[in-house]
Amino acid sequence: MKKYLSLDENGYSFLDILLDERVVFGELAVPRDLVRKAGGINTGLNAKRKYELVLRIAELGNVKIEEVENDISVCNNLEKQDESFIFIDDNETEGNIIDSLTTDCYLIAKYSERLIAHNLFNSAVESILAEAEDKGLKNVTVALLEGFLSKNDSFYVIDDCTRPVLIFKGNDTCYNVLNTFADELKKSIEKSGYKTEIFDVDREEWKEVVRYQNRHYKAAVGFQSFLFSVKMEDGKRYLADFIKAPKFNFLLDAPICFSSHLGYKAEDFTILTHDINYKNFLEKHYKQQAKILPPGGMISENPVNINERKYELTFLGSYGDYRKILLELEGLSVEDKTVGTALFEKLKLEPELTLEAGFDKVIKEKGLAMDEDTYLARLHSVRKVLYAASYYFREKAIKAILESGLRLTVFGESFKNSPFAGWENLNICEEVPAERSLEVYGDSKISLNFMTWHKAGLTERMANIMLAGAVLLTDYTDGFNEGEGEDFVDFKLSDIDSLPGKIKELLKNESLLSQIAHNGRKRALNSMTWDKRAEELLELI
């Protein structure tokens with residue numbers, strides 16, 4: 001027998017359910033949308049999760065619970081909608097007696113004002129204590145109840161599980177990609193059954209963030225957000241410390257580039273990054289808690305057959321002139337300029353090195369000794385060398401591709417100012433924002449990815465290319481090499497000359513091209529979507 005829950009003015013009231021949990025006994029199908037609006041399933045409870053969820057739904061309106069075993073037409077109609085429901089049975093929420101009493105005490109504390117208003121508080125407490133005494137657990141239950149009624153930390157550990165995830169948004173860097181990340185994460189968290197709240201610094205004065213002081217959330221998440229570094233008026237305390245939630249900030253570039261925002265540390269603050277080298281650097285040099293959580297990709301529905309696509313080879317990134325970046329070294333001190341120039345040459349010769357590994361080699365070769373603060377300050381002063389090195393190899397690869405006669409389609413004004421602007425086999429199209437990138441990938445047979453010197457990570461471009469059913473062709477990155485030649489194809493920056501041959505081999509072998517694209521999309525659907533990232537983030541919370 002299935003029971004289906006819905007909102008109905010003639011259904012059970014909140015008090016009806018609070019006073020008689022038997023109303024929700026048995027397998028219950030709850031609309032996913034109502035689960036989300038109520039704040040999701042409370043994972044902070046080990047018993048009576050279904051009962052507690054239905055109470056929160058009943059706060060939205062009276063609840064109708066419809067039994068359908070004897071009505072075939074109704075049953076058939078509802079079963080067609082099963083994908084829109086979450087099914088919860090009693091076994092999933094049973095728990096042990098301590099867990100059950102914990103839930104009861106939590107509910108009495110949470111709804112104490114309502115119980116008092118209806119003269120039901122004393123009887124509810126007496127009922128729980130009588131059950132606890134019968135089980136020999138009266139003292140434990142009294143302690144639980146007193147703690148929850150005082151709104152102690154244990155109360156909020158449970159209560160915050162159903163509060164919204166606060167997302168800090170407002171950064172149009174790199175074709176608006178970070179704002180797209182925020183939007184995609186919001187959708188995926190809500191799809192998982194939880195509420196979200198957005199604070200967008202592009203729509204509001206950033207100082208308005210102070211309204212979140214002393215408010216509780218399931219989590220607070222930012223994407224390279226400076227808001228975690230905002231200090232109170234006294235210039236000492238951080239505002240983030242007054243947001244009652246575990247806090248996460250995605251940093252998706254070399255940590256040294258964010259040194260001004262790495263001063264904030266807290267037990268409940270974690271930096272999320274996509275590169276194991278960045279994680280190690282954050283932990284070693286900034287003593288930050290860091291976890292690996294790459295950005296997700298956006299799913300392309302019903303991708304076009306790869307052999308029917310418009311573009312043979314695309315690159316959806318920008319052109320940058322490494323020479324201009326190297327000129328910026330002229331403004332540094334003599335010693336920093338010397339180190340920066342040597343670092344660029346070192347990365348050219350050994351492109352498998354990370355920025356910091358190359359820096360370490362350079363200062364060792366030059367016999368430079370420095371303390372930690374000086375080390376970080378000097379590395380920060382030459383940090384843009386990583387972009388110079390990235391653009392150097394990007395230009396070298398594009399030149400090799402074009403010289404081989406292959407046609408390459410690129411997007412954006414930057415390529416009109418590149419050395420290749422007049423080449424007949426370089427097709428320069430209008431700039432494409434992040435949210436429309438899937439259209440390009442979905443019309444590409446092969447799409448290129450060049451890492452911005454991420455040596456052990458996964459980027460959203462890689463995921464999006466694979467999800468669109470195109471073949472990903474990327475420079476080598478540690479940790480992503482399993483499946484090379486089957487799910488994707490990579491090349492080494494130290495062997496750019498072999499790149500055109502790899503592309504030609506793929507394009508002339510349609511069955512291989514199609515198989516790699518198919519395998520890549522399958523892999524990405526399993527592990528690289530924003531739905532997957534939301535699931536992993538919720539596990540961290």
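Residues numbered from 1 in each chain as written. Predicted model: local features only at pLDDT ≥ 70, side-chain atom pairs only at ≥ 80, totals over all residues. Heavy atoms only, no water.

A.B. asks: Give me the confidence of the model for the protein chain: which residues, what numbers.
C.D. replies: Scored by pLDDT, the protein chain comes out at a mean of 93, with 95% of its residues at no less than 70. Predicted confidence for residues 70–76 stays below pLDDT 50, and this span has three contacts to residues more than four positions away or in other chains. (pLDDT = per-residue confidence, 0-100. Contact = heavy atoms within 4.5 Å.)

A.B. asks: Which residues make up the nonpolar core, and what values go with them?
C.D. replies: Core analysis: the largest hydrophobic core is formed by 87 residues, its most contacted members being Leu 408, Ile 446, Leu 448, Val 471 and Ile 503. Per-element tally for this core: the top contributor is helix α16 (residues 385–403), with twelve residues. Beyond its immediate sequence surroundings of up to four residues, Ile 503 is in contact with Leu 313, Ile 401, Leu 406, Ile 446 and Leu 473. Core analysis: the second largest hydrophobic core is formed by 45 residues, Phe 250, Leu 252, Trp 530 and Leu 538 among them. (Core = buried A, V, L, I, M, F, W, Y, C linked by side-chain atoms within 4.5 Å. Buried < 20%, exposed > 50% of the residue type's maximum accessible area, 1.4 Å probe, protein only. Helix = DSSP H or I, 4+ residues; strand = E, 2+ residues; numbered from the N terminus.)

A.B. asks: Now, about the pattern of salt bridges: what can you tell me, with residues and values included?
C.D. replies: Two side chains of opposite charge can pair, provided their charged atoms sit close to one another. This model, assessed by the stated rule, comprises 37 salt bridges. Put simply, Arg 211 and Glu 204 hold a salt bridge, and the shortest N to O gap is 2.7 Å. In this structure Arg 211 comes out as partly exposed when scored by relative accessible area, which is 33%. In this structure Glu 204 comes out as partly exposed when scored by relative accessible area, which is 29%. Here the salt bridges do not stand alone but share partners, grouping Lys 110, Asp 159, Asp 160 and Arg 163 into one network. (Salt bridge = Lys/Arg side-chain N within 4 Å of Asp/Glu carboxyl O.)

A.B. asks: Describe the sheet that holds strand β10 (residues 290–292), with residues and values.
C.D. replies: With parallel pairing, six strands are arranged side by side in an open sheet as β6-β5-β7-β8-β9-β10. Of all the strands in the sheet, the pair left with one neighbour each is β6 (196–200) and β10. Strand-to-strand twist of the sheet, defined as the mean angle between neighbouring strand axes without regard to direction, takes the value 25 degrees. Both strand β7 (residues 219–223) and strand β8 (residues 247–250) contribute to a ladder of four bridges, which runs parallel. The partner of Phe 223 across the bridge, within β8, is Phe 250. The strands touched by helix α11 (residues 276–285) within the sheet are β9 (269–273) and β10, with β10 carrying the most contacts at an inclination of about 170 degrees. (Pairing = 2+ DSSP bridges. Axes fitted to C-alpha atoms, helices over the stretch in contact; angles between N-to-C directions.)

A.B. asks: Help me get a handle on the packing of helix α5 (residues 97–110) against helix α8 (residues 138–149), residues and values and all.
C.D. replies: Remark: α5 packs on α8, axes separated minimally by 9 Å, with the N-to-C direction vectors making an angle of 35 degrees. When the axes of α5 and α8 are compared, the crossing they make is right-handed. From α5, Ile 98, Leu 101, Thr 102, Cys 105, Tyr 106, Ile 108 and Ala 109 reach across to α8, where they touch Val 140, Thr 141, Leu 144, Leu 145, Phe 148 and Leu 149. For the contact of α5 with α8, the class distribution of residues is eleven nonpolar, two polar and no charged. (Left-handed = near helix turned anticlockwise from the far one by under 90°. Nonpolar A, V, L, I, M, F, W, Y, C, P; charged D, E, K, R; others polar.)

A.B. asks: Would you mind going over the packing of aromatic side chains in detail, with residue names and values included?
C.D. replies: Counted by the stated rule, this structure contains 35 aromatic pairs. The structure contains a cluster of three or more aromatic residues connected by ring pairs, namely Phe 168, Phe 199, Tyr 212, Tyr 217, Phe 228, Tyr 238, Tyr 264 and Phe 269. The ring of Trp 453 carries Lys 455 above its face, with NZ or CZ at 3.8 Å from the centroid. Sitting over the ring of Tyr 476, Lys 492 keeps its end group 5.6 Å from the ring centre. (Phe/Tyr/Trp six-rings, centres within 6.5 Å; stacked < 30°, edge-to-face > 60°. Lys NZ or Arg CZ within 6 Å of the ring centre and 35° of its normal.)

A.B. asks: Tell me about unusual backbone geometry, and name the residues and values.
C.D. replies: The backbone of Lys 48 shows a phi angle near 60 degrees, a positive value even though the residue is not glycine. Under the relative-accessibility criterion, Lys 48 is labelled buried at 13%. Positioned with a positive phi, Lys 151 is a non-glycine residue whose angle comes to about 55 degrees. Assignment of secondary structure puts Lys 151 in the loop between α8 and α9 (153–159). Overall, the relative accessible area of 33% leaves Lys 151 in the partly exposed class.

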